[in-house]
Amino acid sequence: MRCAVPRLAWTLALLTGAWGAAQAHHETGALEVQFRSVPVPQNLVPSLAQDRRGFLWVATSEGLMRFDGYRLRPIEQGSGTAVRRNLGWIRALSPGRDGRMWIGSDTQGLLSYDPARDRVDSHSPSGTARAVIRALLEDDEGQVWIATVGQGLQRFRPATGQLDTEAIPWREQTESRVMALHRSPSGQLWAAHWHGLAQRVNGRWQDLPLPDAPEGATVLSLLEDEDGRLWFGTQDGRLGVVERGRARWVLTQLQVAVHALAQARDGMLWVGTKSGLLWVDPVSGAIRQRLRPDARRPLGLAGSDISQLLRDQDGAMWVAGFGVGLQRHQHHPAFTVRGADLEPKAPLAEPDVRSVLGLRNGRVLVTTQTGLVVELDGRPEQGLATRGIWPRERHTIVEFMAEGPDGSLWMASAGRLEQRTPEGRLLHDWPLDGGRAQQILPRANGEVWLGMQEGLYRLRSAQAAALERVQPAGGQPLSGAVHALAEDPRDQSVWVGGQLGLFRWQQDALRPVAEAPGEGLGSPIVMALLVGRNGTLWVDTAVSGLHRLRGFDGTQRARFERISESLGVDGRFGGNLRQDSLGRIWSQMLVYDPRQHRIDRFGPAEGAAFGTYWFFSNTALPDGRLLFGGSAGILQVAPLAYHSPPRSTPVVLSSLRINGQPVPASVPAAGLPLPAGTRSLGVEFAGLDYADPGRLRYQYRLRGLDEAWTEVDAGQRNPSFGPLQPGHYTLQVRASALPGQWGDQLLELPFDLRPAWWQTGWAHTALALLALGALWGVVRWRTRSLRRREAELRAQVEARTTELREASLTDALTGLRNRRYLDLRLPDDLRLCLRRHANQPPPSDSDLLVMLLDLDHFKHVNDVHGHAAGDAVLVQLAERLRGVFRASDSLVRWGGEEVLALVRETDRDDAAELAARVCEAVRSAPFVLEGGQTVRVTASIGFVAFPLDPTRPEAWGWAATLQMADAALYAAKAQGRDGYLGAVRAKGLAPQDVPQQLGRWLSDPRLEVRRGQSGMAP
């Protein structure tokens, strides 16, 4: 439906945009300058330096410290209290050519740190007054020049320890206040003092007049630029330069002291003052930017009082000062961040950029959560300055924007699809279904495709009444989120990617893309698509990252190259894909170079901190720059300014420990000698990547022990090795910020572990001879010992066998014999008994008595007192039975609470008396339970004499006898328990004729029975 904007609203929108453009004309610094802060005590750093190995030396309020990117290590004197070890307030540091660091202390004068000995040495004569040291400098001859306030310029010769004073003339006087020193590459020495500048010519110091300064000017800082010009800053806020032997002023109205000067890699002059940082063009002398602390720029300058500027060995700039602490400039020429407008009411005061669109006319439209569409100046060198509010009468949040082939703008907002002119006038709008719009693709044929949170839609033309939902051929409408749309200009096909995978619209049909086995996408969820300039399809997936379509096999199945996986990069590539003019593939955090087949990662370390990046928020500008939207602004990428960084990072040894004790970390070229008996060697290493040391990965190996590399992260940089065998070893360490890419820069620590005297060659020879000499005697002694030992072992085996045999024949609880014992012993007992009865009449002690004992109501004991109580009763029962029976008799735990007694060589007529004694032993005293409780228990006994019929010994076998004893036991219980009943003699009675009832037992004349109960005489 066509819609005309009311003239008044249109006029107001234009006026608003004009106001915004006028405001933007006066804004500066839209592109952020980002720093990384290093925590230092109280954020006070008076001096800063870098030594030859790459360590940073930081003077703090708590003394001198050395920084390796991870931690600040205090540098102190060797002994005494903490106060005496501290080096005091340090204003001057200067690295020496031999690796030493020269130190100027207010309280201790001239000091030096020797890394070979890990020691601080003092070089100030004792008993002399110490002046404040403002600067130190080592010249080509190794002499140290000392700039002091109060004692002028001094020269120290380390070889002899001699300290001389050098006179700097000023109007027929000697200048006593020297503020800064500089040595040019040609060896020329310069001194800045209270009244101006002096240079050393032919061994003498000469004054260099300053223009328009008849009384001189206090010069605080010196710098020689890349063109050989000497820059100097003064106490009264002027910046000058010395050219062709003459001084001139460049800036004269700074009105604040210039404490520090440095030149960045891009040639810009950094000027550190008491009120912030200036960037000055050294050619024109113009101030390009003023940097001051601003609470609205959390990654900006931390403080304004700058004491020191340093360009490190990698070209990065460092800022130090009072309230500043220590900060590193996070910068890369290819990356800048367009942050928030600093004015609270400015159009882009809220920098959460959810959608960004670069127009063909060079302008940029961005949308935020405020509902405004803001217009930026996308022309080169304009810094994406705010032009104003783009005229749009609605204030709903715009989710996505795209520019059509005819220049019209397409916007999705609050469930509506809008078509607008480049000036903002609404042409048409249509209702949307499917949730949030994630992609808009205006096609060359006039169609507009939309990828939504739920499904795929298209508008056949601007004249169409409504959008229609796209469905795969022969199927239901495409469901799930659609994340990416890309049109192939060669055949006008459309690639569609989303939650359900990859699809292709071709020949008026949408079909899923079939994948060749083993060459498909590593993850089914497609996050981004890009058709490259040569027609190559690039795919980013949710888990396995970047892919490249290599082509199709014979059955038209897609063959993909898994680029991220092959390079060891986990996760998505970024969800936003763009290609530069060199064919490299970009996202907001990674870049892939097909020519080198490498992926580089970038981020805050390169000054690319722009908050949380957003999917579907990216665009390209006509000049090739790329823009990505984030929660804290816009990342601007200049691809042609990007060059791949080195594959590896230099690694240094931070600390060394032998047997857990720290030792100097400086290793001789010939290697580290370790004394005999060394138990362990511990190291700590650091890759000197001050931009973001936490992203580094390390690999190390100890050659001579293991050739395999061990990979660790930045939190595991302190391995320990030991114990080691004597020999030569080399520890190798390498680091890299690039995933899976290791260069050839190695830290190597060779060391030799010396052998103890008994590990030397001559000791081994002597020991071998002694061993041969002693072998013969040892063999003989050993033979005798073995024979003696054999006899001892045989005896032990026999004893142990007997012990084990006894254990296998004994009940574990009661100590009584078990059934296995009876099975082994019984046949012999039966044969012996039968042999004695073969003689008639047999002797009186020839009988064998089989007695079965069962505790009465034992289940009640277990039920009431528990099984532990029952076990206690059984143990005590066994003790009482041993007191009744003879040692020659066998007591066998027959099962549960039953005991079988086998009484040997006895008279059957004594059986009743023995049974009565057993019953009395059980009932006579209570059984003691755990906890002091007691319980009374009685027993019932059934017994049978063997052979039961003495006249026919063979008539009654063991089985019949045992069955008869069991029947007698039940009969004893049946007569009232706590008693006994047994058969002592049978006369012509066969086992099968034994009566079943107890009454018939007693009345049968063929069976002689004895019985008794409690209180009944046997």
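Cut-offs applied
Residues numbered from 1 in each chain as written. Predicted model: local features only at pLDDT ≥ 70, side-chain atom pairs only at ≥ 80, totals over all residues. Heavy atoms only, no water. Helix = DSSP H or I, 4+ residues; strand = E, 2+ residues; numbered from the N terminus. Rg over C-alpha atoms; globule rule 2.2 N^0.38 Å. Buried < 20%, exposed > 50% of the residue type's maximum accessible area, 1.4 Å probe, protein only. Contact = heavy atoms within 4.5 Å. Areas by Shrake-Rupley, 256 points an atom, 1.4 Å probe, with all protein chains shown as cover. Lys, Arg positive; Asp, Glu negative; His and termini not counted. Charge placed at Lys NZ, Arg CZ, Asp CG, Glu CD. Patch = residues over 30% accessible without salt bridge, like charges linked within 9 Å, V, L, I, M, F, W, Y side chains within 5 Å. Salt bridge = Lys/Arg side-chain N within 4 Å of Asp/Glu carboxyl O. Expected span 1.5 Å × (residues − 1). Core = buried A, V, L, I, M, F, W, Y, C linked by side-chain atoms within 4.5 Å. Axes fitted to C-alpha atoms, helices over the stretch in contact; angles between N-to-C directions. Parallel < 35°, antiparallel > 145°, perpendicular 65-115°, else oblique. Nonpolar A, V, L, I, M, F, W, Y, C, P; charged D, E, K, R; others polar. Polar contact = N/O pair within 3.5 Å; in protein donor to acceptor, adjacent residues only side chain to side chain. UniProt positions renumbered as here; feature names shortened; annotations may be inferred. Pairing = 2+ DSSP bridges.

Visitor: An account of the overall build of the protein is requested, with residue identities and associated values reported.
Guide: Looking only at helices and strands, one finds ten helices and 75 strands in the protein. For 1018 residues, the compact-globule estimate of 2.2 N^0.38 gives 31 Å, and the protein exceeds it by more than 25% at 51 Å. In terms of overall dimensions, the protein has a C-alpha envelope of 155 × 95 × 60 Å along the principal axes. A burial count over the protein gives 53% of its 1018 residues as buried. Put simply, of all contacts in the protein between residues at least 6 apart along the chain, 54% involve residues at least 24 apart. Just so you have it, the protein exposes about 46,700 Å², and 51% of that area is on carbon and sulfur atoms. Each charge sign in the protein was given a centre, from 116 positive and 111 negative side chains, and these centres are 2 Å apart.

Visitor: Would you mind going over a nonpolar patch on the surface in detail, with residue names and values included?
Guide: A cluster of nonpolar side chains, contributed by L769, L772, L775 and V779, occupies part of the molecular surface with about 410 Å² of accessible area. Looking at the element boundaries, L769 is found in helix α4 (residues 761-808). Given a relative accessible area of 58%, L769 falls into the exposed group.

Visitor: Quick one: what's the story with helix α8 (residues 911-923), residue by residue and with numbers?
Guide: Over its 13 residues, α8 extends 19 Å from the first C-alpha to the last, a length consistent with the 18 Å expected when each residue adds 1.5 Å. Restricting attention to buried positions, one finds in α8 the residues A911, A912, L914, A915, V918, C919, A921, V922 and R923.

Visitor: Describe the nonpolar core, naming the residues involved and giving the relevant values.
Guide: Among the nonpolar cores identified, the biggest contains 37 residues, and M851, L853, L855, V873, F885, I941 and F943 are the most heavily contacted of them. Broken down by secondary-structure element, the contributors of at least two residues to this core are β68 (847-855), α6 (858-865), α7 (867-884), β70 (898-906), α8, β73 (939-946) and β74 (979-986). Sort the elements by how many residues they give to this core and α8 lands first, with eight residues.

Visitor: Describe the packing of α6 against α7, listing the residues and the values that go with them.
Guide: As a packed pair, α6 and α7 sit with axes 6 Å apart at the nearest point and diverge in direction by 135°. For the element pair α6 / α7, the angle class is oblique. Contact with α6, carried on its side by F858, V861, N862 and H865, involves H867, A869, G870, V873 and L874 of α7 and no other residues of that element. The residue inventory of the contact of α6 with α7, partitioned by class, reads five nonpolar, four polar and no charged.

Visitor: Explain the side chain of Q263 to me, using residue names and the numbers behind them.
Guide: Mapping Q263 onto the fold places it in strand β24 (residues 258-263). A distance of 3.0 Å separates the side chain of Q263 from the backbone oxygen of G267, its partner in a polar contact. When residues no more than four places from it in sequence are discounted, the contact partners of Q263 are L223, D225, E226, M268, P282, R311 and M317.

Visitor: Go over the UniProt feature "domain: GGDEF" (unreviewed entry) in the protein with me, naming the residues and quoting the values.
Guide: Per the UniProt annotation, the sites labelled "domain: GGDEF" (unreviewed entry) are residues 846-985. Overall, residues 846-985 shows 40% helix and 31% strand. The separation of its end C-alpha atoms is 14 Å.

Visitor: Hey, could you go over the sheet that holds strand β9 (residues 119-122) for me, with residue numbers and the actual values?
Guide: Here we have four strands laid out as an open sheet, ordered β6-β7-β8-β9, and antiparallel in their pairing. The open sheet is flanked by β6 (90-95) and β9, the only strands paired with a single partner. Averaged over all adjacent pairs, the angle separating strand axes in this sheet is 25°, with direction ignored. One ladder, built from four bridges, connects strand β8 (residues 109-114) with β9; its direction is antiparallel.

Visitor: Describe the pairing of strand β34 (residues 373-377), naming the residues involved and giving the relevant values.
Guide: Within β34, five of the five residues are buried, which leaves it mostly tucked inside the rest of the structure. Residues V373, E375 and D377 point to one face of β34 and V374 and L376 to the other, with burial holding for every one of them. Looking at chain direction, strand β33 (residues 363-368) and β34 are connected through five bridges and run antiparallel. Its bridge partner lying in β34, T367 is registered against V373. Hairpin connection from β33 to β34: four residues lie between these consecutive antiparallel strands, with G371 at a positive phi of about 90°. Taken together, the three bridges between β34 and strand β35 (residues 386-389) define a ladder with antiparallel strand orientation. If you follow E375 over to β35, its bridge partner there is G388.

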